[in-house]
Amino acid sequence: MARFAKRAPHAASAVPSSDVTCAYEAERAARIASNKARMMRLGLLDASAALSQAATAARVTARHARQRRAASPLASAPRRAAPRLPPRRSGRLTGAAPTASLEDESWRAPAAPDDARAINVHPETYTAEHRAALGTSRTPWVLFVDGYDASGARIYDAQRGATCHQCRQKTVCKHTSCGGCGELRGQFCGDCLWMRYGENVDEAVAAGDAWRCPPCRDLCNCSFCRQKKGWPPTGTMYRRAIREGFESVAHYLVLGADAPGAGTEEEAAEKKEEKEEVKEEEKEEEKEEDNTDAPADAPATPPLQRTRGAKTYPWESARRVRARGEAW
C-alpha cells in the first residue's frame, strides 16, 4: 500500500449533528429556566441585586469623599518642609582639633566588673533548720546505671520520659514524687538526687507521701532556684564536694567552710585558716612524693579513708583530719 494513499471516507452518522445540537440547546435552556425559577422562590435573585446596589453605593460615597477632600483648602496648602540639617564634613579634612583622643580616656564608658555574676547577688546564708533538713541515705546509689543503655549512653525520650527538676532532662529512669507540693519541681532523677543531695531515689519512692523534695525544704541548689534567691549557680560541684569529704553538693554548701553564714564569723575565719594550712601541707606532700623515687613494680597504696558515723569518706588524708581537730 502506498504511503500517501487516500483513506476511505468515514461512514456518515445516522443522526445529523444539527439535530443533536438542537436537542442539547433545548435541554440546557430548560435547565436554566428551572434554576432561575428555583432561585426566585428562594429569594436569591433579590438578595443578589440588593448586595450589588449596596456595593455600588459604597463606591460612589468613597469617590465623593475623595473629591471633597481634594477640593478643601487644607489639601491645596503647601506641605511644611523638614528643617535642613547642616552637611557633615570630615574634621580631618578641615583641620579642626579632635574633641577626644586615645590618651584621653574620659570618653570611654565605665568598665564592667570582672565578675558580672556578683551584681545583685544576695549573701548566701544557712541556718540550723537547713542543716536539720539535709537528707541522708541508708544504702548507696550506683551512678550512671539507671536510665542508661548497654553502651553507657543516657536514654532520652520526649514521649515516655519524665523531666528532672535539677538537670531538666526528660529521661527514662526512676524519679521522685513530692508528697508536699505534688508539683513538677519535686521530680528528681536518681543520679541528681544522689550527687546534689545525698539521698537514694529508691528510699524516697518507698517513703511515699512522707518524702519532701529539696525545694520544699529550701535546699534546692539548681540554677533556677539559686538565681531566684540572688545566688550564683554552683556549676559542677559534686567532685569538689566529695573531695572535701561531704556527702553531696547540698552538704557541702550548708556545712562547708565556703558557704557564707555557716556558723559565726570567727568559726568561718578559723575554718578558712585551717583550709589554707591543709593546702600548704598537701603541696609539701606532693613535693616529697615527687622527690621520692619509688620502684615501678611497687604495689599501689589504697586510698586513706575516714569514717564519720555510718559513712566512709575516701580521699581524706591524716593531716587534713588532724587539722580539723577530728579523731582518725
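Keep in mind it's a predicted model, so treat the numbers as computed, not measured.

Peer 1: Please clarify how the overall build of the chain should be interpreted in this entry.
Peer 2: Looking only at helices and strands, one finds 12 helices and four strands in the chain. Within the chain, contacts between residues at least 6 apart in sequence are counted, and of these 56% link residues at least 24 apart. Accessible area of the chain: about 24800 Å², with a carbon and sulfur share of 55%.

Peer 1: Please explain unusual backbone geometry as it appears in this structure.
Peer 2: Phi is mostly negative for residues that are not glycine, and the peptide bonds are mostly trans. A positive phi angle is found at Arg 168, which is not glycine, with a value near 55°. Positionally, Arg 168 belongs in the loop between strand 1 (162-163) and strand 2 (170-171). Residue Arg 168 is classed as partly exposed on the basis of its relative accessible area, which comes to 37%.

Peer 1: Hey, could you run me through a positive patch on the surface in this one?
Peer 2: Taken together, the side chains of Arg 59, Arg 63, Arg 66, Arg 68 and Arg 69 present a region of like positive charge at the surface. Mapped onto the fold, Arg 68 is located in helix 2 (residues 44-71).

Peer 1: For this particular structure, what's the right way to read helix 6 (residues 190-197)?
Peer 2: Within helix 6, eight of the eight residues are buried, which leaves the element mostly enclosed by the surrounding structure. Here helix 6 has its buried residues at Gly 190, Asp 191, Cys 192, Leu 193, Trp 194, Met 195, Arg 196 and Tyr 197. Packing partners of the buried residues in helix 6 comprise helix 7 (201-207), helix 9 (238-243) and helix 10 (249-255). Note on helix 6: the residue one or two positions beyond its end, Gly 198, has a positive phi of about 70°.

Peer 1: Honestly, the pattern of salt bridges in this entry has me stumped. Any pointers?
Peer 2: Pairs may arise between side chains of opposite charge once their charged atoms sit close together. The tally for this structure, following the rule as stated, stands at seven salt bridges. As a salt-bridge pair, Glu 27 and Arg 31 come within 3.1 Å of each other at their nearest N and O atoms. Placement of both Glu 27 and Arg 31 in helix 1 (residues 17-42) is noted, with a separation of four residues, approximately one turn of the helix. Take Arg 31: its relative accessible area is 42%, and that puts it in the partly exposed class. Among the salt bridges present, the one from Glu 183 reaches Arg 185, with a minimum N-O distance of 3.9 Å.

Peer 1: When you look at the environment of Glu 199 in this model, what are you seeing that I'm missing?
Peer 2: Note on placement: Glu 199 falls in the loop between helix 6 and helix 7. With relative accessibility at 6%, the residue Glu 199 sits in the buried group. Once residues lying within four places of it in the same chain are set aside, the contact partners of Glu 199 are Gly 135, Thr 136, Ser 137, Leu 193, Trp 194, Trp 211 and Arg 217.

Peer 1: It is not clear to me how the nonpolar core should be interpreted in this structure. Could you clarify?
Peer 2: One broad rule of soluble globular proteins: the nonpolar side chains tend to lie buried together. Counting residues in hydrophobic clusters, the biggest one holds 32 residues, and the most contacted among them are Phe 188, Leu 193, Tyr 197, Trp 211, Tyr 238, Tyr 252 and Leu 253. Of all the elements in the fold, those that place two or more residues in this core are helix 6, helix 7, helix 9 and helix 10. In this structure Leu 193 touches Thr 176, Phe 188, Gly 198, Glu 199, Asn 200, Val 201, Ala 204 and Trp 211, once residues within four positions along its chain are discounted.

Peer 1: Looking at this model, I keep getting lost on a negative patch on the surface. Mind explaining?
Peer 2: On the surface, a cluster of negative charge is contributed by Glu 273, Glu 276, Glu 277, Glu 280, Glu 284 and Glu 288. For Glu 273, the position within the fold is in helix 11 (residues 265-291). Look at Glu 273 and you get partly exposed, because its relative accessible area is 49%.

Peer 1: Would you mind showing me how to read the state of the cysteines here?
Peer 2: Each disulfide consists of a covalent bond between the sulfur atoms of two cysteine residues. The tally for this structure, following the rule as stated, stands at zero disulfides. Note on Cys 225: no disulfide assigned, nearest cysteine sulfur contributed by Cys 222 at a separation of 3.5 Å. For Cys 225, a relative accessible area of 16% translates into the label buried.

Peer 1: Help me understand the packing of aromatic side chains, please; the structure alone is not making it clear to me.
Peer 2: Under the counting rule described, the total for this entry stands at four aromatic pairs. Ring centres 5.5 Å apart and planes at 80° place the aromatic pair Phe 246 and Tyr 252 in the edge-to-face group. For Phe 246, a relative accessible area of 13% puts it in the buried group. Lying over the aromatic face of Phe 224, Arg 168 brings its terminal NZ or CZ to 3.9 Å of the ring centre.

Peer 1: Please explain a nonpolar patch on the surface as it appears in this structure.
Peer 2: A cluster of nonpolar residues, Met 39, Met 40, Leu 42, Leu 44 and Leu 45, forms a patch on the protein surface that exposes about 460 Å² of accessible area. Looking at the nonpolar patch, the element that brings in the most residues is helix 1, giving three residues. Checked against the element boundaries, Leu 44 lands in helix 2.

Peer 1: Would you explain the confidence of the model for the chain in this entry?
Peer 2: As a note on interpretation, predicted positions should not be read in detail where pLDDT is low. Of all residues in the chain, 68% have pLDDT values of 70 or greater, and the mean over the chain is 77. A low-confidence stretch, residues 257-264 (pLDDT under 50), is modelled with 18 contacts involving residues beyond four sequence positions or located in other chains.

Peer 1: Looking at this model, I keep getting lost on the side chain of Arg 226. Mind explaining?
Peer 2: As for its position among the elements, Arg 226 is in helix 8 (residues 223-228). For Arg 226, the side chain forms a polar contact with the main-chain oxygen of Pro 232, separated by 2.7 Å.

Thresholds, definitions, all that
- Residues numbered from 1 in each chain as written.
- Predicted model: local features only at pLDDT ≥ 70, side-chain atom pairs only at ≥ 80, totals over all residues.
- Heavy atoms only, no water.
- Helix = DSSP H or I, 4+ residues; strand = E, 2+ residues; numbered from the N terminus.
- Contact = heavy atoms within 4.5 Å.
- Areas by Shrake-Rupley, 256 points an atom, 1.4 Å probe, with all protein chains shown as cover.
- Buried < 20%, exposed > 50% of the residue type's maximum accessible area, 1.4 Å probe, protein only.
- Patch = residues over 30% accessible without salt bridge, like charges linked within 9 Å, V, L, I, M, F, W, Y side chains within 5 Å.
- Salt bridge = Lys/Arg side-chain N within 4 Å of Asp/Glu carboxyl O.
- Lys, Arg positive; Asp, Glu negative; His and termini not counted.
- Charge placed at Lys NZ, Arg CZ, Asp CG, Glu CD.
- Core = buried A, V, L, I, M, F, W, Y, C linked by side-chain atoms within 4.5 Å.
- Disulfide = S-S within 2.5 Å.
- Phe/Tyr/Trp six-rings, centres within 6.5 Å; stacked < 30°, edge-to-face > 60°.
- Lys NZ or Arg CZ within 6 Å of the ring centre and 35° of its normal.
- pLDDT = per-residue confidence, 0-100.
- Polar contact = N/O pair within 3.5 Å; in protein donor to acceptor, adjacent residues only side chain to side chain.

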